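Observations on the three-dimensional arrangement
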Protein chains: 4
Amino acid sequence: MMTPPTPRTVVSIDLKKKTWEQQLPLHNRWHPEIPAVTEVKTGELFRVEMVDFTGGAIKDDNSANDIKFFDLSTVHYLSGPIRVVDTEGKPANPGDLLAVEICNLGPLPGDEWGFTAIFDRDNGGGFLTDHFPHATKIVWYFEGIYAYSPHIPGVRFPGLTHPGIIGTAPSMELLNIWNQREAKLQEDGPESLKLCEVLHGRPLANLPSTKGCFLGKIKEGTPEWNKIAMEAARTIPGRENGGNCDIKNLSRGSKIYLPVFVEGANLSTGDMHFSQGDGEVAFCGAIEMSGFLELKCEIIRGGMKEYLTPMGPTPLHVNPIFELGLVEPRFSEWLVFEGISVDEKGRQHFLDASVAYKRAVLNAIDYLSRFGYTKEQVTWPCIVKTISYILYKS
Amino acid sequence: MMTPPTPRTVVSIDLKKKTWEQQLPLHNRWHPEIPAVTEVKTGELFRVEMVDFTGGAIKDDNSANDIKFFDLSTVHYLSGPIRVVDTEGKPANPGDLLAVEICNLGPLPGDEWGFTAIFDRDNGGGFLTDHFPHATKIVWYFEGIYAYSPHIPGVRFPGLTHPGIIGTAPSMELLNIWNQREAKLQEDGPESLKLCEVLHGRPLANLPSTKGCFLGKIKEGTPEWNKIAMEAARTIPGRENGGNCDIKNLSRGSKIYLPVFVEGANLSTGDMHFSQGDGEVAFCGAIEMSGFLELKCEIIRGGMKEYLTPMGPTPLHVNPIFELGLVEPRFSEWLVFEGISVDEKGRQHFLDASVAYKRAVLNAIDYLSRFGYTKEQVTWPCIVKTISYILYKS
Amino acid sequence: MMTPPTPRTVVSIDLKKKTWEQQLPLHNRWHPEIPAVTEVKTGELFRVEMVDFTGGAIKDDNSANDIKFFDLSTVHYLSGPIRVVDTEGKPANPGDLLAVEICNLGPLPGDEWGFTAIFDRDNGGGFLTDHFPHATKIVWYFEGIYAYSPHIPGVRFPGLTHPGIIGTAPSMELLNIWNQREAKLQEDGPESLKLCEVLHGRPLANLPSTKGCFLGKIKEGTPEWNKIAMEAARTIPGRENGGNCDIKNLSRGSKIYLPVFVEGANLSTGDMHFSQGDGEVAFCGAIEMSGFLELKCEIIRGGMKEYLTPMGPTPLHVNPIFELGLVEPRFSEWLVFEGISVDEKGRQHFLDASVAYKRAVLNAIDYLSRFGYTKEQVTWPCIVKTISYILYKS
Amino acid sequence: MMTPPTPRTVVSIDLKKKTWEQQLPLHNRWHPEIPAVTEVKTGELFRVEMVDFTGGAIKDDNSANDIKFFDLSTVHYLSGPIRVVDTEGKPANPGDLLAVEICNLGPLPGDEWGFTAIFDRDNGGGFLTDHFPHATKIVWYFEGIYAYSPHIPGVRFPGLTHPGIIGTAPSMELLNIWNQREAKLQEDGPESLKLCEVLHGRPLANLPSTKGCFLGKIKEGTPEWNKIAMEAARTIPGRENGGNCDIKNLSRGSKIYLPVFVEGANLSTGDMHFSQGDGEVAFCGAIEMSGFLELKCEIIRGGMKEYLTPMGPTPLHVNPIFELGLVEPRFSEWLVFEGISVDEKGRQHFLDASVAYKRAVLNAIDYLSRFGYTKEQVTWPCIVKTISYILYKS
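Residues numbered from 1 in each chain as written. Chains lettered and ligands numbered in written order. Predicted model: local features only at pLDDT ≥ 70, side-chain atom pairs only at ≥ 80, totals over all residues. Heavy atoms only, no water.

What to know about the overall build of chain A
Counting secondary structure elements, chain A contains five helices and 19 strands. Principal axes of the C-alpha set define a box for chain A whose edges measure 60 × 50 × 40 Å. Relative to its full complement of 394 residues, chain A shows a buried share of 68%. Restricting the contact set of chain A to residue pairs at least 6 apart, pairs at least 24 apart contribute 79%. (Helix = DSSP H or I, 4+ residues; strand = E, 2+ residues; numbered from the N terminus. Buried < 20%, exposed > 50% of the residue type's maximum accessible area, 1.4 Å probe, protein only. Contact = heavy atoms within 4.5 Å.)

Quick word on the interface of chain D and chain A
Taken together, the contact pairs 40 residues of chain D with 40 residues of chain A. Both faces combined, the contact of chain D with chain A buries some 3500 Å², and carbon together with sulfur accounts for 59% of it. For the interface between chain D and chain A, the tally reads four salt bridges. Put simply, Glu101 of chain A and Arg156 of chain D hold a salt bridge, and the shortest N to O gap is 2.9 Å. Joining chain D to chain A, the criterion identifies 10 residue pairs in polar contact (both at pLDDT 80 or more). Elements that contribute at least two residues to the side of chain D that touches chain A include exactly β5 (97-106), β7 (136-143), β8 (146-148), β9 (156-158) and β18 (327-329) of chain D. Among the elements that line the side of chain D that touches chain A, the one with the most residues is β7 of chain D, at four residues. Class assignment of the residues belonging to the side of chain D that touches chain A gives a composition of 19 nonpolar, 10 polar and 11 charged. (Buried area = accessible area lost by both parts, 1.4 Å probe. Salt bridge = Lys/Arg side-chain N within 4 Å of Asp/Glu carboxyl O. Polar contact = N/O pair within 3.5 Å; in protein donor to acceptor, adjacent residues only side chain to side chain. Nonpolar A, V, L, I, M, F, W, Y, C, P; charged D, E, K, R; others polar.)

Describing the pairing of strand β14 (residues 267-276) of chain B
All names here are of chain B. Among the 10 residues of β14, 10 are classified as buried, and the element is accordingly described as predominantly covered. As paired elements, strand β4 (residues 78-85) and β14 share three bridges and run antiparallel to each other. Bridge pairing in β14 places Ser79 opposite Thr269. Alignment of strand β10 (residues 162-168) against β14, held across six bridges, turns out to be antiparallel. (Pairing = 2+ DSSP bridges.)

Digging into helix α5 (residues 353-369) of chain A
With 17 residues, α5 of chain A should reach 24 Å at 1.5 Å per residue; the first-to-last C-alpha distance of 24 Å fits that figure. Taken across its 17 residues, α5 of chain A has 17 buried, putting it largely inside the fold. (Expected span 1.5 Å × (residues − 1).)

Quick look at the environment of Glu328 of chain A
Looking at where Glu328 of chain A falls in the secondary structure, it is placed in strand β18 (residues 327-329). Accessibility expressed as a relative area gives 23% for Glu328 of chain A, which makes it partly exposed. Taking the C-alpha atoms as reference, Glu328 of chain A lies 9.8 Å from Leu250 of chain A; in sequence the two are 78 residues apart. Beyond its immediate sequence surroundings of up to four residues, Glu328 of chain A is in contact with Leu160 and Asn249 of chain A together with Leu326, Val327, Glu328 and Arg330 of chain D.

Concerning the relation of the copies chain D and chain A
Aligned on chain A, chain D shows an RMSD of 0.1 Å; the corresponding rotation is 180 degrees and the shift along the axis is 0.0 Å. Taken together, the rotation and translation describe the operation of a two-fold axis. Most of the interface of chain D is mirrored in chain A, where 100% of its interface residues again form contacts. (Least-squares fit on C-alpha atoms with pLDDT ≥ 70 in both.)

Comments concerning the side chain of Ser149 of chain C
Residues and elements named next belong to chain C. Positionally, Ser149 belongs in the loop between β8 (146-148) and β9 (156-158). A distance of 2.7 Å separates the side chain of Ser149 from the backbone oxygen of Val139, its partner in a polar contact. What Ser149 contacts, discounting residues up to four positions off in sequence, is Ile138, Val139, Trp140 and Val155.

Remarks on the sheet that holds strand β13 (residues 255-259) of chain B
Read from one edge to the other, the open sheet built from seven strands follows the order β19(A)-β17(B)-β13(B)-β5(B)-β16(B)-β3(B)-β1(B), with strand pairing classed as mixed. The outermost strands of the open sheet, each flanked by one partner alone, are β19 (335-337) of chain A together with β1 (8-11) of chain B. On average, each strand axis in the sheet is tilted by 30 degrees relative to the strand beside it, whichever way the strands run. Pairing of strand β3 (residues 45-50) of chain B with strand β16 (residues 291-300) of chain B, which is carried by six bridges, proceeds in the antiparallel orientation. Its bridge partner lying in β16 of chain B, Met50 of chain B is registered against Gly291 of chain B. (Axes fitted to C-alpha atoms, helices over the stretch in contact; angles between N-to-C directions.)

Section: the side chain of Thr74 of chain A
All names here are of chain A. Among the secondary structure elements, Thr74 is positioned in the loop between α1 (65-68) and β4 (78-85). Residue class for Thr74 comes out buried when judged on its relative accessible area of 9%. At 2.9 Å, the side chain of Thr74 and the backbone oxygen of Asp71 are in polar contact.

Things to note about the packing of aromatic side chains
Inspection of the entire model under this criterion finds 44 aromatic pairs over all chains. Between the aromatic rings of Tyr141 of chain A and Tyr148 of chain A, the centroid separation amounts to 5.8 Å while the plane-to-plane angle is 70 degrees, which identifies the pairing as edge-to-face. Exposure class is identical for Tyr141 of chain A and Tyr148 of chain A. Each is buried. Ring centres of Trp113 of chain D and Phe115 of chain D lie 6.4 Å apart, and the angle between their planes is 40 degrees; this geometry places the pair in the tilted category. On the basis of relative accessible area, Trp113 of chain D is assigned to the buried category, the value being 14%. Taking relative accessible area as the criterion, Phe115 of chain D reaches 2% and is therefore assigned buried. Over the ring of Trp178 of chain C we find Arg239 of chain C; its NZ or CZ atom is 4.7 Å from the centre of that ring. (Phe/Tyr/Trp six-rings, centres within 6.5 Å; stacked < 30°, edge-to-face > 60°. Lys NZ or Arg CZ within 6 Å of the ring centre and 35° of its normal.)

Considerations on the environment of Glu288 of chain B
Residue and element names in this part refer to chain B. The residue Glu288 is located in strand β15 (residues 286-288) in this model. Taking relative accessible area as the criterion, Glu288 reaches 1% and is therefore assigned buried. Remark: the alpha-carbon pair of Glu288 and Phe115, spanning 173 residues in sequence, is separated by 5.3 Å. Every residue in contact with Glu288, bar those within four places of it in the chain, is listed here: Phe53, Trp113, Gly114, Phe115, Asp271, Met272 and His273.

Comments concerning the sheet that holds strand β19 (residues 335-337) of chain B
Across the sheet, seven strands lie side by side as β1(A)-β3(A)-β16(A)-β5(A)-β13(A)-β17(A)-β19(B); this open sheet has mixed pairing. The sheet is open, and its two borders are formed by β1 (8-11) of chain A together with β19 of chain B, each paired with just one other strand. Here the strands of the sheet are splayed against their neighbours by 30 degrees on average, with no regard to which way each runs. Sheet strands in contact with helix α5 (residues 353-369) of chain B are β17 (321-323) of chain A together with β19 of chain B, and its direction is about 130 degrees off that of β19 of chain B.

A closer look at the state of the cysteines
This structure, assessed with the given rule, holds zero disulfides over all chains. Note on Cys245 of chain A: no disulfide assigned, nearest cysteine sulfur contributed by Cys297 of chain A at a separation of 15 Å. (Disulfide = S-S within 2.5 Å.)

Considerations on helix α2 (residues 172-188) of chain B
Residue and element names in this part refer to chain B. Taking 1.5 Å of rise per residue, the 17 residues of α2 would be expected to cover 24 Å, and the 24 Å separating its terminal C-alpha atoms lies within 8% of that figure. Where α2 is concerned, the buried positions are Leu174, Leu175, Ile177, Trp178, Asn179, Arg181, Glu182, Ala183 and Leu185. Tucked into the core, α2 has its buried residues touching β11 (238-239). Count one or two residues on from α2 and you reach Gly189, which has phi positive near 80 degrees.

Shown next, in the form of structure tokens:
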């Protein structure tokens, strides 16, 4: 007989310990030199546990002060990197595709809760920060597929749990491309670009910095740590390596085809969501939680060239492909709220998807608030899921 | 017994006649003074027939010349306006909501075909005009719920047929708001705004003009016609009155809650689509067709105030609500293609949904073209429907 | 270009005429010698119109007398037979499979209504005839995908329209098998078999008879007509040729693979249903209507042997395969009512699926009747559809 | 804040111990005097672990000998009874309804495998025992929502996991009714009834017996144990208390409304299935597994009278109602195989659902076996799930 497939835990989390005390250290940056903390074989079912994206900084209580003063430089705490080798021990190589299947997932036992939040305009802000400038926090408790909140009485709904972040490590060449284009965005400044109204003093890009930086096995304060910290990419934007994709259906049974840029692929994942809508309305954009994934990898040798086409000036300008799982809650009734490219003051913008999307979301929030909720209560994206046909990615 | 509900045809189309020869004249502008051509009662099932959005200008043949030289000033040919009264004969009034249910729809008998097209960069262009600058036309034949094309061998798929345009007449006050904000957009010019790259010499807004104008029962060339033509809004953008909403699921069983701005509501509809994706990739963005709707109206007295919230400086800045029908093709497999806000040259843009969407679409087109099709063949939005979670509205 | 696929009407119904006055005569028996009334080519889209299964005997009124005294010997009026040939004019031959695709369907224009009924215990009866012995009729009006009834106020639901009967003509050899086995069932009598409680004096089988017989182009009263009438099989049971399959999802986009037993296949169809549940609770078991089908045929040469396996003593003991369409109403909420193999008197039966099913249905009817309806009102199978996963467990 | 809802484990299973060594003893009979092993409060999320229905007798290996010689008198090992009280400590009482919600479920960690089997004709048999008389076993390994089998290469599919058995304890009065009607069935013998062909020497009913009996906390061999064993009902049939319902969709998010017959309700559950079809074709009828449920109970006071109607001679002749969860795998393609009431020898039976169902299943098995599998391989019901809408028509 074959070996029964009880998943092997390759990254475990001890919820009683701080993020920096975990047995396998976490990281919150993308860099080729962050060493793998573990290794898996293709075909093997393995389990990865993860803290929530804030590393446990947000508490299960009634105060939004933790949101208001949260140090955003520390996000997102990721588990990994995980080195992937084939059954003969040969690692994934640059140019391969790494197919990662999500066989199972869920909350960590004993930690079946999550939160969603509106970040303060002075600390992160968000898509609707003009309308909702103050920090707010909503705690959710999970009962299997259902979540309910002491802060939104009367609501209970089935989630579609997924990891917000899954990606491979960039090569140094790709990392340089990222740093250069993000630095240029920052340098050129708002004048050089379409000025998105959601800017409000937010940086155009978060460039590498030692502040709040965790680099896994690289010891903090060493010269190596300092060098890597000043090169490593932040985890907020999605990029060529996958990363912060936030696809609401990326749940059980999904398969992600990630390009491989370094030997071993160095897969990292984190930012588990109990559920989210089709966009990020509140800053968090999802019900944030700790959790586990049970994964299985295959290596498609040379697959990058065969299945992904560079969409920019170099062969590295590719994007992963996501194959969605077969399981999702089955809803029969849908309302669609429209937004047009005319802002709150009545000013028209030319084909501005951001303005139109914002208007559609505000329409939905307004509609939902008629059922006895404050608008803050209905900004959480899982109700907003009813405005299903709308996407907002950056 | 009640009267059996055979739908009463209130607007019929004779396909052998030109658009201007139809018994009930068509219109292609929004204006409160375009007279109703017919009247329906609430609760009554009625049938509205319509030409395709070009009024039959595009032919079932292999040449894209008709697309290349098509006069875009004439779109979209609409049927109506239809005056709606209650069972006691009292008309819908400003401030009411008009609930329009789509009970049935389909192609006109004898005209079971449609087309999708890429408009030439020099005549309309479209979202991907840089990548696909030349006029292209693809003809589709319908077999019930299925469509197939002599121009894309091997493809046959079930559509989700819907009207692209359904809306009520604006009041003069609302029309003035539209004209002022669109004129301002035009006057301020590209410099004053985020410059969408898809502009390429296209006008920022199409202001009222007599060119290509049809105003239903208003006789062309009269002073009245001239006055209305110079005030009446074009039908391309969706606005507060509904209009060009292009919601792909707005099929059988859907219900649209439209604000009423003039006595009788003056409902118009047209621009039937056999199917479309979640966005407008090719210019047409859908498989365009003639067709019929079987509709049923209710009037919700005072419903505008009760259910819609103004999202701008006046009580008129509202948006309709769309309740989707229960019927759609059931697909089990979905791929998601990602786009990030980095353009083809590798330049990063700040949270630019248009750039990100374009990149996602190009990824999808590239992927689909690997199955033996030209990229032009797979720009048609119904294949692109597989990139379901993406929206592009203006 | 190809020819646009406007369906060619091969059987048309004039609703103002009696069943025997239709241009192409109808038939209500299966026999190889009923001549084809028309011919279609493979690949061709064609339209078949049909009367309801009673041939218009049931009226749109408030009396159930037409049900009570209806002559059951006349069912089901079928359109056809339709001879099928390939593009070179060669007919389908015995041993081929006929693949029939349902591209579209609907009510006949001007006849958008239907009925469901409980047949009287003394005239047909039905599955629950002990509980509902009296003739009842419920009229339904159609508004596109929706039906509502003056006899069941407050209910309106989307249907899943389908033909109840579609089949090919049997060969003489197969017809003989049918007649022998049904005669034997009749002769052996109830004692020889499991006695289904629903029998109640109903015949075990309806053997060939001239009473109520229609044989299409065969002129009534001729020797030929008499011979065929005394051989031809009734249409109530489904058999090897398809026939009365009553599959509720056999709607738009479905494909039926029918065995061919005679040259030309001789396809017949009828018994259109607006909607039905997963079983036949009321006698009619569906909302009965007139209607049309738009069909397309392929011939799979030699396919019978390749795809169907005889499940009885001869190569003719095969069954068709049904491939369901992609479109159905999307419901999210389901209740399951259980039935066990213990009858109303508390007596247990051994693994008796009929008893268990009856009990499940009675449970469902009882439950639904708590919402203000009489039990007769909720025997109609389309409400019963909501209990779709009825279990027959013992 | 509320208490976070980490489920409290009320019945735990140690997989290294024998069934009779578990901390909380198991039971395999229904009887009011089997004492509750634990207590839960309404609103509380609790976890129940369970062995598979055979108590671990079937092994993860290649031999079917364990199936062939399995002692069927020992099934099904159930966890519980669980006493249910409200938040004030008042127990559920006879006449109440117990609403049990399934919030989560899955395999026991370290035991992620299951099996399906054909029971030998001489030891249990099954629905198709004439066609498949020999014991067969197929082992399945689970990877999250997926299962694959070393015995059926190339197949991997997502399951819909559910408990096969969930029920409340009967009162003595109800138990007497069961024993009397099952004894009568046995006494009257085959002659008195419809003779189902699947009988083949199987007992008509399994009456109470001490053989293989487990009664939880009641010590084996005591007079009390002997008395209860000779009264307690076997777990194979579903009855008024729920029990062996085998509803394939009774997965996450489902809610079961069980009648309460004894103080505290005494809820028991077991017989977890990774997946099953719409019927029981192989004896097991499902992929059998150990597992856990996370449940939540409410008590609806007096709900039995209000929501359930007696369907037999006493107020106890009720049936539970099952509300299905929102989550299921999403399939788009369905084939329907028909069966008619004519047996393998060509003999017709009158409206015999069992014969027709058997023929439909054999058709499906034959079809599936054309893809390179033995018929034994495709009798397992989870492939058979693809023929979900099997019709039993006669």
